[in-house]
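# Results of the structural survey
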2 protein chains.
Amino acid sequence: MKQYIKYNPWKIIEKGFTPSYNQISESIFSLGNGKGGQRANFEENYSGQTLQGSYVAGVYYPDKTRVGWWKNGYPEYFAKVLNAPTWIGIKTKIEGKELDLNQCKVIDFERILDMKQGFLQRNFIAEFDDGKQIKVQSTRFMSLKRDEIGAIRYSITPLNFSASGEFILDIDADIANQDSNYDEKFWIEIEKSTSTDFTFITTATKKTHFQVCTAMDYSILQAGKTHILSSLQKIETEKYVAHKFNLELKENIETVIYKYAAITSSMYEAVENLSKMASALLDEAKHDGFEKLLEEQRLEWAKKWKESDIVIEGDVAAQQGIRYNIFQLNQTYSGKDERLNIGPKGFTGEKYGGSTYWDTEAFCLPFYLSTADQKIARNLLVYRHNHLQKAIENAQKLGFNQGAALYPMVTMDGDECHNEWEITFEEIHRNGAIAYAIYNYVKYTADKKYLATHGLEVLIAISRFWAQRVNFSEEKQQYVMLGVTGPNEYENNINNNWYTNTLAKWTLQYTMEATDYVKNNHPEAFQSITKKTNFDKANEFAKWSEIAKNMYFPENTEKGIFLQQDGFLDKEQLTVADLQASDRPLNQNWSWDRILRSIFIKQADVLQGLYFFEEDYDIKTIRQNYEYYEARTVHESSLSSCVHSILAAKLNKQKEAYEFYLNAARLDLDDYNNDTEDGLHITSMGGTWMNIVQGFGGMRIKENHLSFQPFIPEEWEKYSFQIRYRENLLLIDVRKNNVKISNQSGKSVTIEIFNQKYKLDAFKAIVVEMQPIEILA
Amino acid sequence: MKQYIKYNPWKIIEKGFTPSYNQISESIFSLGNGKGGQRANFEENYSGQTLQGSYVAGVYYPDKTRVGWWKNGYPEYFAKVLNAPTWIGIKTKIEGKELDLNQCKVIDFERILDMKQGFLQRNFIAEFDDGKQIKVQSTRFMSLKRDEIGAIRYSITPLNFSASGEFILDIDADIANQDSNYDEKFWIEIEKSTSTDFTFITTATKKTHFQVCTAMDYSILQAGKTHILSSLQKIETEKYVAHKFNLELKENIETVIYKYAAITSSMYEAVENLSKMASALLDEAKHDGFEKLLEEQRLEWAKKWKESDIVIEGDVAAQQGIRYNIFQLNQTYSGKDERLNIGPKGFTGEKYGGSTYWDTEAFCLPFYLSTADQKIARNLLVYRHNHLQKAIENAQKLGFNQGAALYPMVTMDGDECHNEWEITFEEIHRNGAIAYAIYNYVKYTADKKYLATHGLEVLIAISRFWAQRVNFSEEKQQYVMLGVTGPNEYENNINNNWYTNTLAKWTLQYTMEATDYVKNNHPEAFQSITKKTNFDKANEFAKWSEIAKNMYFPENTEKGIFLQQDGFLDKEQLTVADLQASDRPLNQNWSWDRILRSIFIKQADVLQGLYFFEEDYDIKTIRQNYEYYEARTVHESSLSSCVHSILAAKLNKQKEAYEFYLNAARLDLDDYNNDTEDGLHITSMGGTWMNIVQGFGGMRIKENHLSFQPFIPEEWEKYSFQIRYRENLLLIDVRKNNVKISNQSGKSVTIEIFNQKYKLDAFKAIVVEMQPIEILA
């Protein structure tokens, strides 16, 4: 844990340069625009510790799998988030000496991420060993509106000398992934040019043959006037293009370099047009100029904030944390493209290889559902629908048939790209989260038609998987599910994971409900699905009903708890309170076998199920399970706290709920787990949004309205959040004494506050007194 | 499965050259002398499919571990059986054309492994594309007596031409392991020379810094007369030395090249003496000459056969199979050096990385106990005693303390060198096999003093491991052992593996028994052990007794079986009869998760325990378990059949017993599992010996005598085997009607035949009628 980021409601601020924190800051100050991202690497050369990272959405590389011992069914390739050509380079030499913050003395360094306006700023004075000082100010952003464009304003002022400066502006495509399995570079060069009109380089990925054109242009201002270069050296080497020139720098006179980049990829344009398109976009950007682009950026971010901001008063750390998370979620996924998804590290690092985990469905979908047009959340669902055939093939590889689908644990384009057997083959609850997301989306939006066009097909395939994956135990005379890994990855290959069994049973039931809905309301669609999937309703329903009716669930009635898995009570019954500080985190201090056979839980497992299906359980059951499992959960996944916090809130454990929130909301800003240097925990940021809205706000989706049971953490003066719900936009404003809900849309809406329904007319608000804690339980 | 090896009681014969079988034959025809080995690679260049392999005992390389996802406790290095410099090269060109069996037409090819005399012979006629034919005969062996020496007689006769031949005799140290994790070569060159006096190359392994000197010398005979070379080209390149010369070859005149090699290693000699030593040994070998060396070889093998041969009459396939296995066991381990052990592939391939598995204790020890001086078996035990400290450190890495030891799953020098968590961390039953081997050795030899000098210390450390590895289940009110993998590796991370729990309980009890013996009979040794191990007899005994008394064992009383693990009866209750041919072998046709959750068993697990401790169970229990588990076992480990066969024999299922034997005994000769090309299954060869002696011969070790309950497979006329038992040498000769046991030693001995004791005086024999089957059960 580190706490060097300054508190500020709208800005992320680092003061002073600490080289050992540089990789962490490179992650924290990352920029993105849904179509790509850029770590906060320096424009200058930097010889110190750094993780260079430029990423282009959807462009990946299937790196050959590396395992200790091959097992049947492993995927041959492990897809990699791909480090792409770097467009930010502005390298400076003063009288032959490189401007390199690892070599110079660095004075008054600050790095600022302006979340309100969406740009990164960096200011410093560098002092060379001969005492020469230059002041540098850099402002950089990736345009939300023109999402192929990046722009930099790079200002240099000599403070105590005049001299000639040498500058290199470049695009470097000779880059590698740090996590390459075989130390291989993934890009090959296709075409390049350094003409003064248009400097670019087009590269292609090996194997996947994506093409990316990265182009640059620039202009120079000296003492406020445009400077035309009299001479210029053009550099072209393998996978590298640059312009090199000299500028006379005068004491206390500012020189500004505006660098513009355009990044076009074969995801969106035919390969033969990539450079033409980049050229046109670049010309336009340069013509409009940096200030106009930046003004556009402000306006775009204002729109985002209008829809998704959460305001907290009285607790600037909490305010900064949640805004930062919302900012990063919006930088990562714009929802414009159904082929994209939300990687656990977004565009901020290489780790976790593939792009999509069950994180999206379980922890990110609610944020996009409530803060953006419903088609954006819908695209997250369509992403999985598009991969259905591959999920069916994936299940076939593992021995399933008749159209059963097992979605991959980690994927880029539908192929499984993870290869630990205990995860890939066994952590099958992901399939249930994908079904649950369909339910969640339909319930929230009332877009039932989605079932007919997309959802049902996916549900049938997943239900078929569950029906084949269980087996009838003669011993128990019930259906069991053997050899799974639950969300708690500190157990592997267990039998009857309560959460997975619960999801499986629920999926079967919901699929039958959805089937009947489609059959009755969209008979043609039903016919076509039946044909396409060879669906045998009578027999499959019979089988599914039989399984759902006779599914086995491990529990202990004496303790009043569901058991995470068979045999859970055979473990040594310790609690987290029994652990020493030196044991934590377990995953760094204990051997894997010790973790496995211990009682300690990595992340919400039974509680994840109670969170999903809380309406099916009484409050006593939820409390008993919460208290048993919370005492045994070490929260070594970033996805754990929000579920515990939401349940704690429901159980009136408000202090606990708040503490969970604090850890989660500033996970990356405070480098809580000492791993922010690898990139940000983007998907868990969705969990912190849920934490405030569902936990503190107590928001639940009822059949045709939203319900709220808010409380306010003691430390806060007020908090407010906006919610899109179908055709309405609501502002929920919670204070110590009351909650005010404003209908900001032109249509009336029904809402429920503290179990009381209200009809809110267009543009009207209601204020309800806060209810004492006792009444809520 | 393939059946191209010709049946012969003393020889392994391949007729005709089938390039696709070449790698298989290279394994099958391997040579070894306990200090090294050589696959049956050709002396000539061969451009076809080949796995080159020369191995020097004890010389290994710790290759950096490669895993998909690192887990705490993994070893950093995965030791590798090291492919060493090749000494066999004799490359021939006739008028510029390479003699390469992949390029020539090959006529009358035969490869013969003479097991009685211990040499490899290869005869063929090669026809070049211009019709020229040469006849080649090569005879090669690695001397058992002079175990640094290899020798080749390479004879060439032009059949239809006379011409000049170019010959290169070389040592090639520029070799790689096929299974190198990072495609790295493991050897560096230290010194070399190509002087006519002494041609050699000394190489060192990276990291481990072993040094090996490989030296060669040669002589030439033409038309029966020594030929002195008039000119000679000496070749020295990176990690390569050779002599190149021309010989005039005359039609129908034989030219013979005798090539001698000496291989000395830093395992046995100071590095500064390696080449000197090689030079001296080489001079001596060349001086004595090929024929004398070969005569020595015959005599040495005669001695081996006198002690360990098994004779089968009436079934040449079975005879060839068992002799082959005994031959390979004796080629692999001579027992002279307590630092060496028996790798699963011996010196015949690279696979299975490290050298020593629990195979040694469970499947090889009985062979060496009964067919060689007891100090040879003792060395196998001392090997583990020498690694005790490392086993304690290994356990510490996993979180155990107070001198608990976990022996590695795979090791070269005591360090764990395997890295799948489900094996390394969980397949802990190996610890029990090491304890059992001590019991087995002491029981067989009556060398109880071994407990005082070595055994007890190991037993205490293993018992401490078990005592910490179990935990008390409040639910069951018994001690349980969670998260293990049993011998059946088609299950991982299971709870309460019956076999492991049984071994653990037994180890605790035997350790207490051994402790009392040492305390009473070797009080000084006991004191010193107590001090060295901080042994607290009173408290540790109390804990061990408590655990042994309250250990939990899963069982089903209705079916009358022990359960392999908790929840075993929840599995779909199929049997092997339900499988299709296309499912087999499961490990090639089913995904790993399907294998894991299926009921099918890779190798004896509960039955392995019943085999070890058969005296503790009544015949009904053994039968019920045998019938239940045999029906569910797919025997996809080479170590499975022998245990099933021995139990089947005990249960009078003689036909079954015989069938198991047949598969196992010719596993490599018939390439039963399509994997002989990787090397031979050396350790399972020990199992086939047990199969005949314990299964068919019904030999058991009683307190102070051996007991026999032989039967003879229907297909056989007779079989006989020799047994060393303490100071006696017994010949057991089993025929259709009777069994004859001869005491071939000068001391009387008590034996038991069909539950009747007999005293056999020196050099006397007894003949007992075979008993009808019914009586035996």
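Before any of the text, the structure's been laid out above.
The present account deals with the structure reproduced in this document. (Residues numbered from 1 in each chain as written. Chains lettered and ligands numbered in written order. Predicted model: local features only at pLDDT ≥ 70, side-chain atom pairs only at ≥ 80, totals over all residues. Heavy atoms only, no water.)

A tally of helices and strands in chain A yields 21 helices and 34 strands. Taken over C-alpha atoms, the radius of gyration comes to 27 Å for chain A, in line with the 28 Å a tight globule of 777 residues would show. Classification of the 777 residues of chain A by burial places 66% in the buried group. Within chain A, residue pairs in contact and separated by at least 24 positions form 68% of the contacts whose partners lie at least 6 positions apart. (Helix = DSSP H or I, 4+ residues; strand = E, 2+ residues; numbered from the N terminus. Rg over C-alpha atoms; globule rule 2.2 N^0.38 Å. Buried < 20%, exposed > 50% of the residue type's maximum accessible area, 1.4 Å probe, protein only. Contact = heavy atoms within 4.5 Å.)

A complete count under the given rule lists 13 cavities of 30 Å³ or more for this structure. Around the largest cavity, the lining is made up of 18 residues, and of these Gly68, Tyr74 and Glu420 of chain A together with Gly68 and Tyr74 of chain B lie nearest the centre. Broken down by secondary-structure element, the contributors of at least two residues to the lining of the largest cavity are helix H8 (421–424) of chain A together with helix H8 (421–424) of chain B. Here the lining of the largest cavity is composed, by residue class, of eight nonpolar, four polar and six charged. (1 Å grid on protein atoms, 1.4 Å probe; cavity = no way out; pocket = protein on both sides within 12 Å on 5 of 7 lines; lining within 4 Å. Points joined across faces, edges and corners; volume = space filled by probe spheres on them. Nonpolar A, V, L, I, M, F, W, Y, C, P; charged D, E, K, R; others polar.)

All names here are of chain A. Across its twelve residues, helix H17 (residues 619–630) extends 16 Å between first and last C-alpha, which sits within 8% of the 16 Å expected from 1.5 Å per residue. Along H17, the residues that are buried comprise Thr621, Ile622, Asn625, Tyr626, Tyr628, Tyr629 and Glu630. Against the buried residues of H17 lie strand E26 (561–562), helix H16 (606–612), helix H18 (641–650) and helix H19 (654–665). (Expected span 1.5 Å × (residues − 1).)

Applying the stated criterion across every chain yields a total of 104 salt bridges over all chains. With its nearest N and O atoms 2.4 Å apart, the salt bridge here joins Lys476 of chain A to Asp570 of chain B. Separated into two different chains, Lys476 of chain A in the loop between strand E23 (471–473) and strand E24 (478–480) and Asp570 of chain B in the loop between strand E26 (561–562) and helix H14 (586–589) make up a pair that spans both. By relative accessible area, which is 25% here, Lys476 of chain A ends up partly exposed. (Salt bridge = Lys/Arg side-chain N within 4 Å of Asp/Glu carboxyl O.)

Before going further, it helps to spend a moment on the packing of aromatic side chains. Residues and elements named next belong to chain A. On inspection of all chains with the given rule, the structure shows 118 aromatic pairs over all chains. An angle of 80° between the planes, with centres 6.0 Å apart, marks the rings of Phe17 and Tyr46 as edge-to-face. Taken together, the positions of Phe17 in the loop between strand E2 (11–15) and helix H1 (22–28) and Tyr46 in the loop between strand E4 (36–38) and strand E5 (54–56) put the pair 29 residues apart, joining distant regions of the chain. In this structure, Phe17 and Tyr46 share a single accessibility class: buried. (Phe/Tyr/Trp six-rings, centres within 6.5 Å; stacked < 30°, edge-to-face > 60°.)

What follows concerns the pairing of strand E22 (residues 310–313) of chain B. The side chains of a regular strand alternate, first on one face of the sheet and then on the other. Residues and elements named next belong to chain B. Of the two faces of E22, only one is covered, namely that formed by Ile310 and Ile312; the face formed by Val311 and Glu313 stays uncovered. Note: E22 against strand E29 (residues 718–725), four bridges, orientation antiparallel. Counted as the bridge partner of Ile312 is Tyr719 from E29. (Pairing = 2+ DSSP bridges.)

Residues and elements named next belong to chain A. Here helix H5 (residues 359–371) crosses helix H6 (residues 374–386) at 150°, and the two axes come no closer than 8 Å. Relative to H6, H5 is oriented roughly antiparallel. Between H5 and H6, the contacting residues are Thr360, Glu361, Leu365, Tyr368 and Leu369 on the first element and Ile376, Ala377, Leu380, Leu381 and Arg384 on the second. Taken together, the residues that form the contact of H5 with H6 break down as seven nonpolar, one polar and two charged. (Axes fitted to C-alpha atoms, helices over the stretch in contact; angles between N-to-C directions. Parallel < 35°, antiparallel > 145°, perpendicular 65-115°, else oblique.)

Next up on the list: the relation of the copies chain A and chain B. Once chain A is rotated about the relating axis by 180° and shifted along it by 0.1 Å, it coincides with chain B to within an RMSD of 0.1 Å. Seen this way, the second copy is the image of the first under a two-fold rotation axis. Within chain A, Val67 of chain A has its C-alpha nearest the rotation axis, a separation of 2.3 Å. A high fraction, 100%, of the interface residues of chain A reappear at the interface in chain B, so the copies pair face to face through one surface. (Least-squares fit on C-alpha atoms with pLDDT ≥ 70 in both.)

With that out of the way, let us pick up the nonpolar core. Ile723 of chain A together with Ile723 of chain B are the most contacted members of the largest nonpolar core, which totals 468 residues. Excluding residues within four positions of it along the chain, Ile723 of chain B makes contact with Ser370, Tyr444, Trp689, Val693, Met699, Leu706, Asn728, Leu729, Leu730 and Ile732 of chain B. (Core = buried A, V, L, I, M, F, W, Y, C linked by side-chain atoms within 4.5 Å.)

Here we come to the environment of Glu717 of chain B. Residue and element names in this part refer to chain B. One can find Glu717 in the loop between strand E28 (706–708) and E29. Overall, Glu717 belongs to the partly exposed group, its relative accessible area being 49%. For the pair formed by Glu717 and Val734, sequence separation is 17 residues and the distance between their alpha carbons is 8.7 Å. Beyond its immediate chain neighbours, meaning those up to four positions away, Glu717 contacts Glu313, Gly314, Ile712, Val734, Arg735 and Lys736.

What follows concerns the side chain of Asn493 of chain A. With respect to the helices, strands and loops of the structure, Asn493 of chain A is situated in the loop between E24 and helix H11 (498–521). The exposure class assigned to Asn493 of chain A is buried, which follows from its relative accessible area of 8%. The residues touching Asn493 of chain A, leaving out its near neighbours within four places in the chain, are Trp421, Glu426, Gly483, Val484 and Thr485 of chain A together with Asn492, Asn493 and Leu596 of chain B.

Facing 48 residues of chain A, the contacting portion of chain B comprises 48 residues. Here chain A meets chain B over a buried area of about 4100 Å², counting both sides, of which 51% is carbon and sulfur. On the chain A side of the interface with chain B, the three residues burying the most area are Trp69, Asp570 and Arg597 of chain A, jointly 17% of the side's total. Counting every contact that joins chain A to chain B gives two salt bridges. Linking chain A with chain B are 18 residue pairs in polar contact (both at pLDDT 80 or more), by the criterion used here. Elements with a minimum of two residues in the side of chain A that touches chain B: H8, E23, helix H14 (586–589) and helix H15 (592–597) of chain A. At five residues, the largest contribution of residues to the side of chain A that touches chain B is made by H15 of chain A. Grouping the constituent residues of the side of chain A that touches chain B by class yields 16 nonpolar, 15 polar and 17 charged. (Buried area = accessible area lost by both parts, 1.4 Å probe. Polar contact = N/O pair within 3.5 Å; in protein donor to acceptor, adjacent residues only side chain to side chain.)

This brings us to the side chain of Thr676 of chain B. All names here are of chain B. In this structure, Thr676 sits in the loop between helix H19 (654–665) and helix H20 (682–696). We classify Thr676 as buried; its relative accessible area is 0%. Polar contacts involving the side chain of Thr676 include one to the side chain of Asp671, which spans 3.0 Å.

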